[in-house]
Amino acid sequence: MKSAGSTPSAKPRLTTSAMIASIAAEGQRTKPAPFGHALVELARSRGDVVGMTADLGKYTDLHIFAQAFPDRYYQMGMAEQLLFAAASGLAAEGFMPFATTYAVFASRRAYDFIHQTIAEEDRNVKIACALPGLTSGYGPSHQAAEDLALFRAMPNMTVIDPCDAHEIEQVVPAIAAHRGPVYMRLLRGQVPLVLDEYNYRFELGKAALLRDGSDVLVISSGIMTMRALEAAQALSDDRIGAAVLHVPTIKPLDTEAILREAGKPGRLVVVAENHTVIGGLGEAVATLLMRSGVHPAFRQIGLPDEFLAAGALPSLHDRYGISTAEVKRQIKDWLR
Amino acid sequence: MATPTLTNAPTLAQRARNIRRNALLMGEVQGQGYIAQALDIADVLAVAYFHAMRFRAEDPVWEGRDRFLLSNGHYAIALYAALIEAGIIPEAELETYGFDESRLPMSGMASYTPGMEMSGGSLGLGLGIAVGMALGLKRKNSAARIFTLFSDGELDEGSKWEAIMSAAHHKLDNIIAIVDVNNQQADGPSKQMLGFEPLVDKLEAFGWFVQRVDGNDLDAVVGAFDAATAHAEPKPRIIVADTLMGKGVPFLEQREKNHFIRVEPHEWQLALSALNAGDQP
């Protein structure tokens, strides 16, 4: 994007479009507001569920819940420290708050409040955050490249990075059934629908082998599982067999499934994540493998340790190597 | 309100003296601590626990209890002293204060201690938790109230002001906050660190029912809690309590730089004696 201003070219210029650009590719099947609808469904059977947000109800799909249960919805204003401290207070009184904001604000602005009032006190608060990783072209203020690293490092916290609408609607009741604090990444608006074609069920703490292959094992979470599946399909045209192990629960990690798959000989292991290469799934898997004496050839696909550029999401995903085309290209290069 | 008035029940003055004594005994165990704060807030705690709040000593998580949120976790020594006096913590545990495996760590934490409703230490958390609890109590149609104590230094934290706005916005008349204005924080006099006056005007402008009293005048503190309870407007309530660091032990009242004080071994007995001497009519 930075070269766009220098010379006019025939190439269409992509715009940043909006803070919350859709991550759905053109023509991709989608489902609207899976989190909001799943929460309404959950709240019908569980009277303890309340919704809370810090001026981002519409932008986290919590407005669906607010419309269905206006008296169980708390608008806390644009005050994230208050949001999480108050969520702790409601949980202390026996309620199960689902508190939403953007991932940057929960992880960076309100970290101490979540650490002390929710995690340390082991309060039953579910934190659901939109714009995880690089899902906004707005610039570093809204790009939560490090949210998983920060919440992984927090004791008592369960960390979930769901892939698509199908998974998000299953994550909501699953984390409600788990007693304790949870951080979940959220995709909102028109959310891609992918995993319904894989006969997939989300299970807290479990990884799932979505596809097998003999040349490379891609271990991925969140939207990178979608990208990995597309890349694997494209690689098969080049007679490269790619397996995809989806790891939606970043913490606690499904060590058994990861060791089982990564321990199979002869495959390159690639961890792909929509997150900085520091402290996320890639480093979690690498540490596990080292600790366990499993030493495959190992590569990481993830965001670089730098402040990311503003721009259009598709060009940013290409630039930082997390688009489907770039995932495929890197794997081919590594296998050469 | 909490305790039926019995002819032989200890007076609030005796309760406050016992809280000070418990705090000094714990301080002696470690040789140092936030003793000056415990001495300054003992009168407020005596009135809170033995006049204003409803609780059951034998059941610290009784659903109908008034909640007490200690936002300034370093005042734990003061709250433990009050919880011991209230019979929620056995007096025998006093000598474990600050030791490994003790239920009485230096900084108050909910997971350690019966009667400790939140984990403090990091300042500026309590009033936000109070907002959530107050909303929760209203959802349950509970008559229980939230008492929350914080320090004047905590007014420096932006989160405090988020919660101050929120409590008024949600009309949380079930919150009674107490701010301890002892004008002392880690680096020096609070008003020199980040000015917060005129505090009453500020808090009133933010929509609170505000009273400012001498926090070491038991009658004034009783009157403030009574008025906070009786007040009819749907506003959160706050008592600005001006207190004297080290109150009750003259040589500690006069000690400068008394945010975190070291007391020499021989001085603890002098402090306890001074406390007892001050108690005589």
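Conventions used here
Residues numbered from 1 in each chain as written. Chains lettered and ligands numbered in written order. Predicted model: local features only at pLDDT ≥ 70, side-chain atom pairs only at ≥ 80, totals over all residues. Helix = DSSP H or I, 4+ residues; strand = E, 2+ residues; numbered from the N terminus. Rg over C-alpha atoms; globule rule 2.2 N^0.38 Å. Contact = placed C-beta atoms within 7 Å. Pairing = 2+ DSSP bridges. Axes fitted to C-alpha atoms, helices over the stretch in contact; angles between N-to-C directions. Nonpolar A, V, L, I, M, F, W, Y, C, P; charged D, E, K, R; others polar. Core = buried A, V, L, I, M, F, W, Y, C linked by C-beta atoms within 7 Å. Buried ≥ 20, exposed ≤ 12 C-beta atoms within 10 Å, placed from the backbone. pLDDT = per-residue confidence, 0-100. Expected span 1.5 Å × (residues − 1). Arc of directions from axis to C-beta. Left-handed = near helix turned anticlockwise from the far one by under 90°. Parallel < 35°, antiparallel > 145°, perpendicular 65-115°, else oblique.

### Topic: the overall build of chain A
(1) Moving on: Within chain A, the secondary structure is distributed over 12 helices and 14 strands.
(2) Moving on: What you see for chain A is a C-alpha radius of gyration of 19 Å, in line with the 20 Å of a compact globule of 336 residues.
(3) Moving on: Its C-alpha atoms give chain A principal-axis dimensions of about 60 × 55 × 35 Å.
(4) Moving on: Considering only contacts in chain A between residues 6 or more positions apart, those separated by 24 or more positions represent 78%.

### Considerations on the sheet that holds strand β11 (residues 242–246) of chain A
Residues and elements named next belong to chain A.
(1) Moving on: Ordered by their spatial adjacency, 5 strands build an open sheet running β9-β11-β10-β13-β14, and the pairing between neighbours is mixed. Both outer strands of the open sheet, β9 (208–211) and β14 (298–303), are each paired with one neighbouring strand and no more. Ignoring which end each strand starts from, the neighbouring axes of this sheet average 25° apart.
(2) Moving on: The pairing of strand β13 (residues 268–276) with β14 spans 5 bridges and is classified as parallel. By the bridge assignment for β14, V270 is matched with R299.

### A few points about the interface of chain A and chain B
(1) Moving on: Listed by partner, the interface residues are 21 residues for chain A and 20 residues for chain B.
(2) Moving on: The set of elements that each furnish at least two residues to the side of chain A that touches chain B consists of α3 (80–92) and α5 (111–119) of chain A.
(3) Moving on: Considering each element in turn, the side of chain A that touches chain B owes the most residues, 9 residues, to α3(A).
(4) Moving on: Here the residues of the side of chain A that touches chain B are counted per class, giving 11 nonpolar, 6 polar and 4 charged.

### A few points about the sheet that holds strand β6 (residues 237–242) of chain B
All names here are of chain B.
(1) Moving on: Taken in spatial order, the 5 strands of this open sheet run β2-β3-β4-β6-β5, and their pairing is parallel. Because the sheet does not close on itself, it has two edges, and the strands there are β2 (67–70) and β5 (209–214). The sheet shows a mean angle of 20° between the axes of neighbouring strands, direction not considered.
(2) Moving on: Looking at chain direction, β2 and strand β3 (residues 146–151) are connected through 4 bridges and run parallel.

### Observations concerning the nonpolar core
(1) Moving on: Core analysis: the largest hydrophobic core is formed by 202 residues, its most contacted members being L83(A), V218(A), A38(B), L45(B), A78(B) and Y80(B).
(2) Moving on: Tallying contributions element by element places helix α2 (residues 35–52) of chain B first for this core, with 14 residues.
(3) Moving on: Each residue touching Y80(B), except ones within four places of it in the same chain, is listed here: M26(B), I89(B), Y97(B) and L104(B).

### Here's the deal with the environment of G321(A)
All names here are of chain A.
(1) Moving on: With respect to the helices, strands and loops of the structure, G321 is situated in the loop between α11 (313–319) and α12 (324–335).
(2) Moving on: As for G321 and M226, which are separated by 95 residues in sequence, their C-alpha atoms are 14 Å apart.
(3) Moving on: Ignoring any residue separated from it by four or fewer positions in sequence, one finds G321 in contact with I301, E326 and Q330.

### Focus: the confidence of the model for chain A
(1) Moving on: With 96% of its residues at a pLDDT of 70 or more, chain A shows a mean pLDDT of 95.
(2) Moving on: Counted against residues more than four places away or in other chains, residues 1–6 of chain A, with its pLDDT under 50, gives 5 contacts.

### Considerations on α12(A)
Residues and elements named next belong to chain A.
(1) Moving on: Counted at 1.5 Å a residue, the expected span for α12 with its 12 residues is 16 Å, and the 17 Å between its end C-alpha atoms agrees.
(2) Moving on: Residues T324, V327, K328 and I331 constitute the buried set of α12. The arc enclosing the buried residues of α12, seen along the axis, measures out at 95°, which places them on a common side.
(3) Moving on: Contact partners of the buried residues in α12: β10 (216–220), α8 (223–237), β11, β13 and β14.

### Observations concerning helix α3 (residues 76–85) of chain B
All names here are of chain B.
(1) Moving on: Of all the 10 residues making up α3, 10 are buried; the element is thus mostly covered by neighbouring parts of the structure.
(2) Moving on: Residues A76, I77, A78, L79, Y80, A81, A82, L83, I84 and E85 constitute the buried set of α3.
(3) Moving on: In this structure, the buried residues of α3 make contact with α1 (12–30), β1 (32–33), α2 and β2.
(4) Moving on: Phi turns positive, to about 85°, at G87, one or two residues after α3.

### Some thoughts on unusual backbone geometry
(1) Moving on: For the peptide bond that leads from K251(A) to P252(A), omega is 0°, which places it in the cis range.
(2) Moving on: In this structure, P198(B) follows E197(B) across a cis peptide bond, with omega equal to 0°.
(3) Moving on: Tracing the sequence through the fold places P198(B) in the loop between α6 (190–193) and α7 (199–205).
(4) Moving on: Positive phi, normally seen in glycine, also occurs at E101(B), with a value near 70°.

### What to know about the packing of helix α1 (residues 34–45) of chain A against helix α7 (residues 165–177) of chain A
All names here are of chain A.
(1) Moving on: Two elements in contact, α1 and α7, have axes separated by 8 Å at closest approach and are oriented at 35°. Of the two elements, α1 crosses α7, and the hand of that crossing is right-handed. Residue-level contacts link P34, F35, H37, A38, L39 and L42 of α1 to A165, I168, E169, V172, P173 and A176 of α7.
(2) Moving on: Residue composition of the contact of α1 with α7, grouped by class: 10 nonpolar, 1 polar and 1 charged.

### Side note on the environment of R54(B)
(1) Moving on: Residue position: R54(B) is located in the loop between α2 and β2.
(2) Moving on: Residues R54(B) and P234(B), 180 residues apart in the sequence, show an inter-C-alpha distance of 21 Å.

### Concerning the packing of α3(A) against helix α4 (residues 126–139) of chain B
(1) Moving on: Axis separation between α3(A) and α4(B) bottoms out at 6 Å; the angle between their running directions is 45°. Between α3(A) and α4(B), the crossing angle belongs to the class labelled oblique. Between α3(A) and α4(B) lies a crossing of right-handed hand. Contacts from Q81(A), L82(A), A85(A), A86(A), A87(A), S88(A), G89(A), L90(A) and A92(A) of α3(A) reach α4(B) at G128(B), I129(B), A130(B), V131(B), G132(B), M133(B), L135(B) and G136(B).
(2) Moving on: Residue composition of the contact of α3(A) with α4(B), by class: 11 nonpolar, 6 polar and no charged.

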